[in-house]
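Topology and contacts: notes
The chain contents come next:
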Amino acid sequence: MERQADTNTAWHAREASAALAELESSRDGLSVHDAASRLQRYGANRLDVTPPASAWSILVAQFRSVVVLLLVVAAGLALALGDAPDAMAIAAVLFINAALGFITELRARRAMDALRGLEVPRAIVVREGTTLEISARDLVPGDIISLESGQSVPADARLIDAVDVRVTEAPLTGESLPVEKRADVALADDTVLAERINMVYQATALVSGSAHAVVVATAGNTEVGRIGGLTSSLRDERTPLEHRLDGLGRRLVVVALVVAAIVALLGLWRGIPWGLVVQTAIALAIAAVPEGLPAVTTITLAVGVSRMARRQALIRRLPAVETLGSATVVCTDKTGTLTAGEMAVSVIVVDGREIAVTGTTYEPTGEFRDGDRTIRASENPILHEALRIGTVANRAELVHDEGRWYPVGDPTEVALLVAAKKGELDRDRLLQERPEVAAVPFSSERQWMATFHRVPDRGSIVYVKGAPGRLVERSTRELTASGERALDEAGRQRLLDLNRALAARGLRVLAVARGSAREANDDAVRDLTFVGLVGISDPPAEGVADTIQSFREAGVRTVMITGDQRLTAVAVARQLGLAESDAGALDGRELATLDAATLTARLEHIRVFNRVSPSDKLRIVEALQDRGDIVAMLGDGVNDAAALKKADIGVAMGRRGTDIAKEAADVVLADDRFSTVAAAIEEGRVIFDNIRKFVFYLFSCNLAEVLILLAAGLTGLPLPLLPLQILWLNIVTDTFPALALAVEPREGDVMRRPPRDPDEAILSRSFLSRIALYAGLIAAATLGAFLIALDRGSEERAITIAFVTLALAQGFHLGTARSDGPVLSWVRIRGNPWALGALGMVIALQLAAVYVPALASVLRVVPLTSADWALVLPAALLPAVVGQILHLLRTKAPVS
């Protein structure tokens, strides 16, 4: 299939006639034969979709961890040495781990034909002078398409004529307001996508007007197709947790090899037969590896997935559940993410007084506030009149269905309807009182619209809304509390100054006016009475400012990346406390002039990027990652998809988000609330804390086992533990406490400490020191009990005492692993009931191991007497008591 030759042509810089000529087309469209030939040459107007991951690839991915591969090798060696029980036990752990990860990820990765969801199924096209309806897949470059209000655009096209066309481009550019389009202009080559007013793009939609346009790009050559290509070209990055676990696995390989080598050398030095030396060395190497680690890690992440789901954050890939807790920067789109994504009237200025309007959604609930006082619209006749004009001079609708309100038409007009409902004005009743008899529609030349109404016993009245400048120049009077008064030049200047002040706050400002009318035409819309100014915005979403402040306290920077204009972006940033002035803002044109080093140097101080393209968003994310940041990217539009996929953690909006954004993301917010991101970051931090807790627990327990066996080997003592007993401890006894740590409640300071270093290993030097300390305590207590038992009687009883002492010491060690502080208070002890249950399970299992004959026979242990228990219990409790004392001393130590 031949590629389209026009991919890099700046069609927005061409006159409409030049574009038609270059595409060898005309206003009568292509011939049927030419269209068929071009369809053969260029291919169908269909977006290519990368197929979702297969079930097989998801299953294979569960075995890519170094730790898992190490256990596979350990199982193979055990089987080769004839130790079938060990091999089967390790294989069971591997199966459970793979099954948990596979099921969780397969459920999350349900197939979503993201890009195909954006395709427009039908298109109105002109061919050979005849208007036809065809499948949008059959469109080719050079086709003339006809567009009407409410229709989606089926391909990228250059306008050749347009009447009052406004297009919503938020999914593609991030522009929060509909964009007015014109056909009679040619723009500069470097005009950014959001300012190409003579172009329409696939995945956008007309909210008003009608147009004809010549198709310039189809399929993968459209802007949305390029974004899809950019997104699919990015490979999936491994998460910080996956990197840390691989680092942990490599350290375990070293530890296992070192332990095996030491034991082998000791055995040979003592003259033990070579075969037995090799078998013992491998058994000890296996003992050095915590077999339960992969399964407990997977279960912890699965528990995190469940917790986040309850907080409305849906995780699509298991390791991503922890990554949010590592985030150092949250990059976020503005429209629909930081803002409500729904236009709302936020202020109305009448008679010099500013009336604030609360409520940020299409739900008509809110208040009117005059200073500190809440008022009803009916209490202020001028406010009531402004709301009346905004309601009847309006072509939008607000539909209530199944408990929700849905907008139909221009979002700014919908905002006026919502404000009127807040003021208890009913549009149908208003139109019954004063029926509409005629209208002058909005146009980009007029910049206003008017409706004419019959008023009983008073003749006709005209209601007008539009650009403040145009209405001010057509007004001769102003409505005040004392009635209508003449509007002189000073009064006009005052109104224009008010308009500029509102616009500087990032508001879209409309003016409303009324007048008497004898005829229903443009000329009748003069000698008006100016009523007021209406400030409309896409306001900050509820709770966003508080969430950004919580990020700041947690050491996480927030950066706005939007395709919207600078004034609007900076105004929202100021409201949210992101930036004090536009000095912290950088637009797409300036960004294009910066090399990589300069951009990286400026990133620390930039909080707002505006008028940026999808490739710019990708570049910003990459630059942040290059300087060592862990980047979380939030977005909902097609234009966010590539950045969502490239980020360390991509977060898409579940309700408003496009399918391609959700497909590219790791996390989907079911409630579209920015505050849910803070909850997810908190959960991510809790998950990592808990992973560190059970790694500490498992490693100190396993190291204790190694130290016991090494000490016995160095001193010539009999082996205190048998190989199957070690496996019992690692897989059965240790697993329940480790799982209890997976659901440990959050620490109090989890969102008041800075993000952890992305390069910090799980087994850091200080962490290893703590592991070694407690492993030494557990090993010393176990060896002490073993030596006393040996002195008292048989070796078999001494081994049993060592086995039970070690198992209980590891169970009691759970209290030390739960927190860096003491857990001696009853409130703290019962804070995790699973931990109490796990300790009870450990005790029950050890009693069963000793007193159930069949199990005792397999493990080669003997029943213990009361005298034996008098030795076992103090020895087993000693490490836990010392641990709590050390924690208590640490918490009481003065901060230097």
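So, here's what we can say about the structure. (Residues numbered from 1 in each chain as written. Predicted model: local features only at pLDDT ≥ 70, side-chain atom pairs only at ≥ 80, totals over all residues. Heavy atoms only, no water.)

1. Concerning the overall build of the protein
Check the secondary structure of the protein and you find 34 helices and 28 strands. Taking all 896 residues of the protein together, the buried fraction comes to 55%. Taking the contacts inside the protein whose residues are at least 6 apart along the sequence as the reference set, 71% of them involve residues at least 24 apart. Counting every atom, the protein has about 36700 Å² of accessible surface; 56% of that belongs to carbon and sulfur. (Helix = DSSP H or I, 4+ residues; strand = E, 2+ residues; numbered from the N terminus. Buried < 20%, exposed > 50% of the residue type's maximum accessible area, 1.4 Å probe, protein only. Contact = heavy atoms within 4.5 Å. Areas by Shrake-Rupley, 256 points an atom, 1.4 Å probe, with all protein chains shown as cover.)

2. Re the pairing of strand 9 (residues 329–332)
The alternating pattern of strand 9 places V329 and C331 on one face and V330 and T332 on the opposite face, and all of these are buried. Bridge count for strand 9 against strand 23 (residues 557–561) is four bridges, and the pairing is parallel. By the bridge assignment for strand 23, V330 is matched with T558. Judged from the four bridges that link them, strand 9 and strand 26 (residues 631–635) form a sheet pairing that is parallel. Pairing of T332 across the sheet is with L634, part of strand 26. (Pairing = 2+ DSSP bridges.)

3. Focus on the environment of D820
Its place among the elements puts D820 in the loop between helix 30 (814–818) and helix 31 (826–829). Given a relative accessible area of 48%, D820 falls into the partly exposed group. Setting aside anything within four residues of it in sequence, one finds D820 in contact with R770, H887 and R890.

4. Brief notes about the layout of surface pockets
In this model, the second largest pocket occupies a volume close to 1200 Å³. Forming the boundary of the second largest pocket are 49 residues, of which L177, L507, R508, V509 and I536 lie nearest the centre. Looking at side-chain class alone, the lining of the second largest pocket contains 22 nonpolar, 14 polar and 13 charged residues. (1 Å grid on protein atoms, 1.4 Å probe; cavity = no way out; pocket = protein on both sides within 12 Å on 5 of 7 lines; lining within 4 Å. Points joined across faces, edges and corners; volume = space filled by probe spheres on them. Nonpolar A, V, L, I, M, F, W, Y, C, P; charged D, E, K, R; others polar.)

5. Digging into the pairing of strand 23
Within a regular strand, the side chains alternate between the two sheet faces. Burial analysis of strand 23 places five of its five residues in the buried class, which makes it a mostly covered element. Looking at chain direction, strand 23 and strand 25 (residues 608–610) are connected through two bridges and run parallel. For M560, the partnering residue across the bridge sits in strand 25 and is V608.

6. Looking at helix 17 (residues 489–504)
Taking 1.5 Å per residue, 16 residues should reach 22 Å; helix 17 reaches 22 Å between its end C-alpha atoms and fits that length. Those residues of helix 17 that sit buried are G491, R492, L495, N499 and L502. Summarising the axial view, the buried residues of helix 17 lie within an arc of 105°, below the 170-degree limit, and thus occupy one face. In helix 17, the exposed positions that point more than 90 degrees away from the buried face belong to E489 and A490. Structurally, helix 17 contributes buried residues whose contacts are with strand 10 (344–350), strand 11 (353–357), helix 16 (468–473), strand 19 (475–480), strand 21 (508–516) and strand 22 (528–537). If you check the start of helix 17, you find a side-chain oxygen 3.3 Å away from the backbone N of A490, and it comes from D488. (Expected span 1.5 Å × (residues − 1). Arc of directions from axis to C-beta. Polar contact = N/O pair within 3.5 Å; in protein donor to acceptor, adjacent residues only side chain to side chain.)

7. Topic: the side chain of E169
Inspection of the secondary structure assignment puts E169 in the loop between strand 4 (156–168) and helix 6 (170–173). At 2.7 Å, the side chain of E169 forms a polar contact with the side chain of K181.

8. Looking at a nonpolar patch on the surface
On the surface, L773, L877, V881, I885, L886 and L889 cluster together into a nonpolar patch covering about 500 Å² of accessible area. Ranked by residues supplied to the nonpolar patch, first place goes to helix 34 (residues 866–892) with five residues. Position of V881 among the secondary structure elements: in helix 34. (Patch = residues over 30% accessible without salt bridge, like charges linked within 9 Å, V, L, I, M, F, W, Y side chains within 5 Å. Salt bridge = Lys/Arg side-chain N within 4 Å of Asp/Glu carboxyl O.)

9. Here we look at helix 28 (residues 765–792)
Along an α-helix, residues three or four positions apart point the same way, because every turn accommodates 3.6 residues. Compared with the 40 Å implied by 1.5 Å per residue over 28 residues, the 40 Å span of helix 28 between its first and last C-alpha is a close match. Every buried residue of helix 28 is accounted for by F767, I771, Y774, A775, I778, A779, A781, T782, L783, A785, F786 and A789.

10. Let's talk about the sheet that holds strand 8 (residues 313–315)
The sheet built from eight strands is open, its strands ordered 8-28-27-26-9-23-25-24 with mixed pairing. Lying at the two open borders of the sheet, with one neighbouring strand each, are strand 8 and strand 24 (585–587). Between one strand axis and the next, the sheet turns through 20° on average, direction left out of account. (Axes fitted to C-alpha atoms, helices over the stretch in contact; angles between N-to-C directions.)

11. Here's the deal with empty space enclosed by the protein
Counted under the stated rule, the structure contains three cavities of 30 Å³ or more. Roughly 50 Å³ of volume is contained in the second largest cavity. Forming the boundary of the second largest cavity are V349, V350, D351, G352, E478, R494, L495, L498, F530, V531, G532 and L533. Taken together, the elements giving at least two residues each to the lining of the second largest cavity come down to strand 10, helix 17 and strand 22. Looking at which element gives the most residues to the lining of the second largest cavity, the answer is strand 22, with four residues.

12. Some details on the packing of helix 25 (residues 675–715) against helix 28
For any two helices packed against each other, the geometry is given by the interaxial angle and the distance between the axes. Packing of helix 25 against helix 28 leaves a shortest axis separation of 7 Å and a crossing angle of 45°. When the axes of helix 25 and helix 28 are compared, the pair comes out oblique. In the crossing of helix 25 with helix 28, the sense of the turn from one axis to the other is right-handed. The segment helix 25 lies against helix 28, with R692, V695, F696, F699, S700, L703, A704, L707, I708 and A711 engaging F767, R770, I771, A772, Y774, A775, G776, I778, A779, T782 and L783. (Parallel < 35°, antiparallel > 145°, perpendicular 65-115°, else oblique. Left-handed = near helix turned anticlockwise from the far one by under 90°.)

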